[in-house]
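# Observations on the three-dimensional arrangement
Letter by letter, the chains look like this.
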Amino acid sequence: MSGCGPHDNGPTHAGRRHPRVEAVSSTDNAAAVTTTPSAGTTTRAALSWQPDHYLDGYEVAATPLGADPDGEGEVAATLIRRNAPDPGCGGAVLHVHGFTDYFFQQPLADFFHARGYAFYALDLRKCGRSLRENQTPHFTTDLSRYREELTAALRAVSAEVGSAARIVVAGHSTGGLTTSLWLDWLRQDDPALHRRIEGAVLNSPWLDLQGDAMLRTYPVSMVIKAVARVRPKQMLPQELSLAYGHSLHESAHGEWAYDLSLKPFGGFPTPFGFIDAVRSGQRRLHRGIDVGVPTLVLRSNASLAAPHYSAAADFADVVLDVRHMARWSAHLGDRVRVVPITGARHDVFLSATQARESAYRALGEWLTEITHDTEPPGSGAPESGAAAGTANENAR
């Protein structure tokens, strides 16, 4: 595959940082995007693309989803693309963020673009660009509700890149859990649409509840469910750690610039209704699902409990327990490769240089295998001039 898209943002040079994004109201950003009816198509609306207020060289389009089943007004999802795609694109990527997250990872888009993939990302309802005034960030009481915007986004991407292009679905953290459950459902509900998907990339997927083992017991799960039933928006009594945010953001100890109103240092508080939805999804996965496509799971080689930032937080997953990813990845299907990345952060593509390059190398090798393609020149890890590290591979 060659580079994809009529306007190239140019190569990403070593040492270049993610461009600073200014704090812009997500309500204002979404208000600039409208949809119009599309006659004679299987999609619910024709997308109206507008410049993104957060990233230069990107466009956004909103998909209205109607009234929120959780009673927080009208909801919509936001599809983001890196330039308009070239009609000759050989493939496309649909990326889904995690909790306390939104799409800002331009080097990841650059990497896929260099390999000939049109790049798209989805900010789910009440997340990132899709968050509206008086809504609880990332709040849902049922992960299956995301099927609506995920399927609409897949159809929109498919229509833009053409029937010959194959699509890779990428999910980070909670997005890794959500997309896995959706792919299993889509495989059964719409096999023809599912066949458009070439593979799945799961970046530190949230496959089990971190913390003390007691938190994963049946009695605790039932307490969570009981509270969620009567007070779904009551927040969990937990102290939010600043370690991960401080390890990432350029204003603290990191190198990445992003909007702290959409991805605050300590994360958003977690409602009981949301954690119950996550636990229900995890239990479903633990019983065994089949995403139906080759799957790459990238994770750190180590986790670290870090209530406060220290240099060690730059070289471990301080959010989730990587042992859970190692254990439960086998329940995703029968074509799963798990690659531990030495010294990686929770988002492996936001890791320090050596681990980040190891992650990109593993991703590039896997893409080459599933597409039977030759890696084009200049399609290695972006944003670094250092030699790539070695990633241990464990096929499951």
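Treat the numbers as computed from the prediction; the structure is a model and nothing was measured.

Thresholds, definitions, all that
- Residue positions are given per chain, counted from 1 along the sequence in the order it is written.
- Only residues with pLDDT of at least 70 are given local features in this predicted model, and only at 80 or more are side-chain atom pairs given and counted; all residues enter the totals for whole chains, interfaces and linings.
- In computing side-chain properties, one takes all heavy atoms of the structure into account and sets aside hydrogens as well as water.
- Put simply, DSSP H or I for four residues or longer makes a helix, DSSP E for two residues or longer makes a strand, and each gets a number counted from the N terminus.
- Categorising residues by exposure relies on relative accessible area from a 1.4 Å probe, with only protein chains included: less than 20% of the type maximum marks a residue as buried, more than 50% marks it as exposed, and the intermediate range marks it as partly exposed.
- Any two residues whose heavy atoms approach within 4.5 Å at even a single point are treated as in contact.
- The Shrake-Rupley method, run with a 1.4 Å probe sphere, supplies the accessible areas, and residue values consider only the shown protein chains as cover.
- Multiplying one less than the number of residues by 1.5 Å gives the expected span of a helix.
- A pair of aromatic rings is counted whenever rings of Phe, Tyr or Trp (Trp by its six-membered ring) have centres within 6.5 Å, and the orientation is called stacked for planes under 30 degrees apart, edge-to-face for over 60 and tilted otherwise.
- Throughout this description, the term charge over a ring refers to an Arg CZ or Lys NZ atom that lies within 6 Å of the ring centre and within 35 degrees of the ring normal.
- Salt-bridge detection follows one rule: a side-chain nitrogen of Lys or Arg within 4 Å of a carboxyl oxygen of Asp or Glu.

## Quick notes on the overall build of the protein
- In terms of regular secondary structure, the protein is built from ten helices and twelve strands.
- Taking all 396 residues of the protein together, the buried fraction comes to 58%.
- Pairs at least 24 residues apart make up 78% of the contacts formed inside the protein by residues separated by at least 6 positions.
- Just so you have it, the protein exposes about 15,500 Å², and 52% of that area is on carbon and sulfur atoms.

## Here we look at helix α3 (residues 147-161)
- A rise of 1.5 Å per residue sets the reference length of α3, with its 15 residues, at 21 Å; its end C-alpha atoms lie 21 Å apart and thus fit the reference within 8%.
- For α3, the set of buried residues is E149, L150, T151, A152, A153, L154, A156, V157, S158 and V161.
- Phi turns positive one or two residues past the end of α3, at G162, with a value near 95 degrees.

## A closer look at the packing of aromatic side chains
- Counted according to the given criterion, the structure contains twelve aromatic pairs.
- A centroid spacing of 5.7 Å and a plane angle of 80 degrees characterise the contact between F111 and F112, whose relative ring orientation is edge-to-face.
- By the ring-pair criterion, three or more aromatic residues cluster together here, those being Y58, F103, F111, F112, Y117, F119, F349 and Y360.
- Directly above the aromatic system of W49 lies the positively charged group of R81, at a separation of 4.1 Å from the ring centroid.

## Quick look at the pattern of salt bridges
- As enumerated under the stated definition, the model contains 22 salt bridges in all.
- For K233, the salt bridge goes to E72, with nearest N and O atoms at 3.1 Å. Of the two residues, K233 is situated in the loop between α6 (218-230) and α7 (243-248) and E72 in the loop between β4 (58-67) and β5 (74-82); the sequence distance between them amounts to 161 residues.
- The exposure class assigned to K233 is partly exposed, which follows from its relative accessible area of 39%.
- For D184, the salt bridge identified is with R284, shortest N-O distance 3.1 Å. One end of the pair, D184, is in helix α4 (residues 174-189); the other, R284, is in helix α8 (residues 272-286), and 100 residues separate them in sequence.
- The exposure class assigned to R284 is partly exposed, which follows from its relative accessible area of 31%.

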